[in-house]
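Inside the fold
Residues per chain are reported as follows:
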Amino acid sequence: MTVLCSLKNLSLSFGDKTIFDNASFQIDHGDKIGLIGLNGVGKSSLFKVLTGKVGVDTSTQFVFDKASAKQGSEFEYSVFLVEQNFTLPKNSCSARDYLFEYYPELKKLNHQYKSTVENEDLEKQQAVLTEMERVDFWSYQNAYESYLKSFELEDPSRDVRDLSGGEQKKILLALGLVSKANLILWDEPTNHLDIESIKKLEDELLSVGKSLVIISHDRHLLSKVCNKIVHIHDSKITEFKGSYADYLEFLNVKEEQRLKTLSKLKNTLKRETEWMRQGVKARGTRSKKRVEGFEDLSKKVSNLKAAAKKEIELNINASSRKTKKLVAFKNVDFAYGEKEMFKGLNFELHKGEKIGVLGPNGAGKTTLMKLLAKQLVPTSGEVYHADGLRINFFDQKREDLQQDKTPYELLGEGEDFVQFTDGRSLHVSSYFQNFLFIKDQLKRPLTSFSGGELNRLQLAINLKNESDVWIFDEPTNDLDIESIEILESKLESFKGTVLLISHDRSFLENVTNKVWMVENKNIEVFNSGYSQVQAYLDALEIEKSYEDSSKEEPVKTKEQDAPQAKKRKLTNKEKEALKTLPQEIEKLEENISKLEEEIGSIDYSSLDAQGSEKLNKLVETKDNAETELLEKYELLEELEKYNS
């Protein structure tokens, strides 16, 4: 394939926020690219760079090479952007004439043609018709109206300002498909579309012979249409040759590698820590490489943690949410007597956030929630609450249920309807059955309910109280699966703010879009759901394991040591192994170094499915070699112990 355009040394910032930092990107003729990345990382900014609507930092020797007309008009760089949002014209405009909003030259000719018809000026009319033929006026108009008809836009004479969002989107699709530019940029083309229209769009994009770049959340469209995936991450642009489905498989393999690495680090830390504690003399003198390997483990853990945290910090910068501030903490301290719990808390809580609150036992998670809910007063600092803010703290205390009462009495408070603060009402029986009860249970005393049923009823009682903020402290404790699923459903559909203290990882993953990590008398805020924070939490766990296992222990004297087994003689086979092991170890170390060099030479920016498979095999080979190396070191130390 020939190159349509290429960007090199692309740097772009808005204020203190870096969008691109010496990024590179190339589009070939025929590329159908899915452009992905978190909100705010630069997808729309890249479109603006490609269309020339935004200036970039030229101090980094930015290069934007474009195919010229010398190669032919079908290869020349030209671009058309299909925007996500429909731009309403200032004046009345039919769907049919909206085409001219994007083509001023055609609009001018159309106006001139209508004028000559009205004035019956045949000479000028002929001149206008000649010019219309030259610029393919009729080709544009006929193709445009054909696409409108294909997408079933009824009555193209209607004013675009009176159309629905879906109908306006169909006009944008027709504009993109009729464009004669060699590069078409599509910004969320499936928004507001019905399934049938999306299928038609997929077919059109598959058949078109142009280069495409598509920003879309529609994973099916990306998998069906795209032959390349471009991921904007950490101010860089990474390219992957293959469909979106191939890219997901690649990410799954990377995740499996990460999990294997975590497991290996855990096992290696445990084994090598025990070996290091034996002392220099016990370890022998021919194990320098193994000592260096042990010392490198903490660096590997730190790198793993840093990489995960860097991704999360980027997620924070990428957030574009604009929501109303509900709560704000400014320099807040809190202590129980002389026990300091928090120092210098500074954060905000916004509408729509669903936050998983994590941290070790005793870190202050529940205390923090009580400060938020005004159940505790800060020792110092300022806490702002929005006017009229309603906060419900749900801790599922079943002892609060009066056992001599019935669900009817507790839910309806003696009335046939459950009343909500927004004016809605729902019959007690219907509300009760929404929580998987049967109607006959409504007027039974609570003494006849099982523990799981009481948990579910407690859930129903708490959730009928509407609130701006719901705080849940371990809500899944003692709940059955059905109850947890109900709670998940309620929280997913809730439009307010939710804070969850929970150990249930699946529950957190399904509900949250943000995480607060409570530790070291403060909180760390991650603007992503639990699943994206998992890598960082795993790294923290390994780091803690490393720190605990690396603490110095008193060196035992011979008298303190337990009685050792009687020294035995080496067999002939073991004597031979003792001679050959140093050479085998040296050879393995050389092989590992070569593998590291080969892995380091791979260009990750252009990895395709075949390249990623090769990388996976190299990493697996290196892992196996390192494991074998450690085993040979252990065997050598064991044999030297009996040979001394």
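All values reported here derive from a predicted model rather than from experimental measurement. (Residues numbered from 1 in each chain as written. Predicted model: local features only at pLDDT ≥ 70, side-chain atom pairs only at ≥ 80, totals over all residues. Heavy atoms only, no water.)

**Comments concerning the packing of helix α2 (residues 104-119) against helix α3 (residues 122-134)**
For the pair α2 and α3, the least separation of the axes is 9 Å and the interaxial angle reads 155 degrees. Regarding the angle of α2 to α3, the classification is roughly antiparallel. For the element pair α2 and α3, the recorded crossing hand is left-handed. Along the contact surface, α2 presents Glu 105, Leu 109, Gln 112, Tyr 113, Thr 116 and Val 117, while α3 presents Lys 124, Gln 125, Val 128, Leu 129, Glu 131, Met 132 and Arg 134. Grouping the amino acids of the contact of α2 with α3 by side-chain chemistry returns 6 nonpolar, 3 polar and 4 charged. (Axes fitted to C-alpha atoms, helices over the stretch in contact; angles between N-to-C directions. Helix = DSSP H or I, 4+ residues; strand = E, 2+ residues; numbered from the N terminus. Parallel < 35°, antiparallel > 145°, perpendicular 65-115°, else oblique. Left-handed = near helix turned anticlockwise from the far one by under 90°. Contact = heavy atoms within 4.5 Å. Nonpolar A, V, L, I, M, F, W, Y, C, P; charged D, E, K, R; others polar.)

**Some words on the pairing of strand β11 (residues 339-350)**
By the bridge criterion, 8 bridges tie strand β10 (residues 325-336) to β11 in an arrangement that is antiparallel. Counted as the bridge partner of Ala 328 is Glu 348 from β11. (Pairing = 2+ DSSP bridges.)

**Details of the sheet that holds strand β2 (residues 17-28)**
A sheet is described by the order of its strands in space; here 3 strands give the open sequence β2-β1-β4, paired in antiparallel fashion. Edge positions in the open sheet fall to β2 and β4 (63-66), since each of these has one partner strand only. Averaged over all neighbouring strand pairs, the angle between strand axes comes to 15 degrees, with direction disregarded. As paired elements, strand β1 (residues 3-14) and β4 share 4 bridges and run antiparallel to each other.

**Here we look at unusual backbone geometry**
Look at Glu 120: it is not a glycine, yet its phi comes out positive at around 55 degrees. If you trace the backbone, Glu 120 turns up in the loop between α2 and α3. A positive phi angle, close to 65 degrees, is found at Lys 374, a residue other than glycine. Assessed through its relative accessible area of 56%, Lys 374 is described here as exposed. (Buried < 20%, exposed > 50% of the residue type's maximum accessible area, 1.4 Å probe, protein only.)

**Brief notes about the pairing of strand β12 (residues 354-358)**
Most of β12 is tucked away, with 5 of its 5 residues classed as buried. Residue alternation in β12 divides its side chains into two sets, Lys 354, Gly 356 and Leu 358 and Ile 355 and Val 357, and both sets are buried. One ladder, built from 4 bridges, connects β12 with strand β18 (residues 497-501); its direction is parallel. Pairing of Ile 355 across the sheet is with Leu 499, part of β18. Two elements, β12 and strand β19 (residues 514-519), share 4 bridges in a ladder whose sense is parallel. Opposite Gly 356, over in β19, you have Val 515 as the bridge partner.

**A few points about the nonpolar core**
Nonpolar side chains in soluble globular proteins generally cluster together in the buried interior. Tyr 144, Ile 171, Trp 186 and Ile 214 are the most contacted members of the largest nonpolar core, which has 49 residues in total. A per-element tally of this core places helix α5 (residues 165-178) first, with 7 residues. Per-domain counts for this core show at least three residues from each of domain 1 (1-78 + 185-242) and domain 2 (90-180). Among residues more than four places away in sequence, those in contact with Trp 186 are Phe 47, Val 82, Leu 173, Gly 176, Leu 177, Leu 201, Leu 205, Leu 212, Val 213, Ile 214 and Ile 215. (Core = buried A, V, L, I, M, F, W, Y, C linked by side-chain atoms within 4.5 Å. Domains from an automatic or database assignment.)

**Quick look at the packing of aromatic side chains**
The tally for this structure, following the rule as stated, stands at 16 aromatic pairs. Judged by centre distance (5.8 Å) and plane angle (45 degrees), the ring pair of Phe 80 and Tyr 102 falls under tilted. Note that Phe 80 is positioned in strand β5 (residues 79-82) and Tyr 102 in the loop between β5 and α2, a separation of 22 residues in sequence. What makes Phe 80 buried here is its relative accessible area of 10%. With a relative accessible area of 22%, Tyr 102 lands in the partly exposed category. Plain terms: the ring middles of Tyr 113 and Trp 138 are 6.2 Å apart, the flat faces sit at 85 degrees to each other, and that makes the pair edge-to-face. Within this pair, whereas Tyr 113 is found in helix α2, its partner Trp 138 is found in helix α4 (residues 137-150), the two being separated by 25 residues in sequence. (Phe/Tyr/Trp six-rings, centres within 6.5 Å; stacked < 30°, edge-to-face > 60°.)

**Structural notes on helix α18 (residues 572-600)**
A rise of 1.5 Å per residue sets the reference length of α18, with its 29 residues, at 42 Å; its end C-alpha atoms lie 42 Å apart and thus fit the reference within 8%. The principal kink in α18, of about 40 degrees, is found at Thr 580, preceding the proline Pro 582 by one to four residues. (Expected span 1.5 Å × (residues − 1). Bend = angle between axes of the 7 residues up to and from the residue.)

**Considerations on the sheet that holds strand β14 (residues 391-394)**
Neighbouring strands of a sheet are bound in pairs by backbone hydrogen bonds; such pairs are parallel or else antiparallel. One open sheet holds the 6 strands; their spatial order is β14-β17-β18-β12-β19-β20, and the pairing between them is mixed. Each of the sheet's edge strands pairs with one partner strand only, and the pair in question is β14 and β20 (522-526). Across the sheet, the mean angle from the axis of one strand to that of its neighbour is 20 degrees, orientation sign disregarded.

**A short note on the environment of Glu 105**
Counting through the fold element by element, Glu 105 comes out in helix α2. For Glu 105, a relative accessible area of 44% puts it in the partly exposed group. Put simply, Glu 105 and Val 135 are 30 residues apart on the chain and 8.8 Å apart in space, counted from C-alpha to C-alpha. Those residues in contact with Glu 105 that sit more than four places away from it in its chain are Glu 131, Arg 134 and Val 135.

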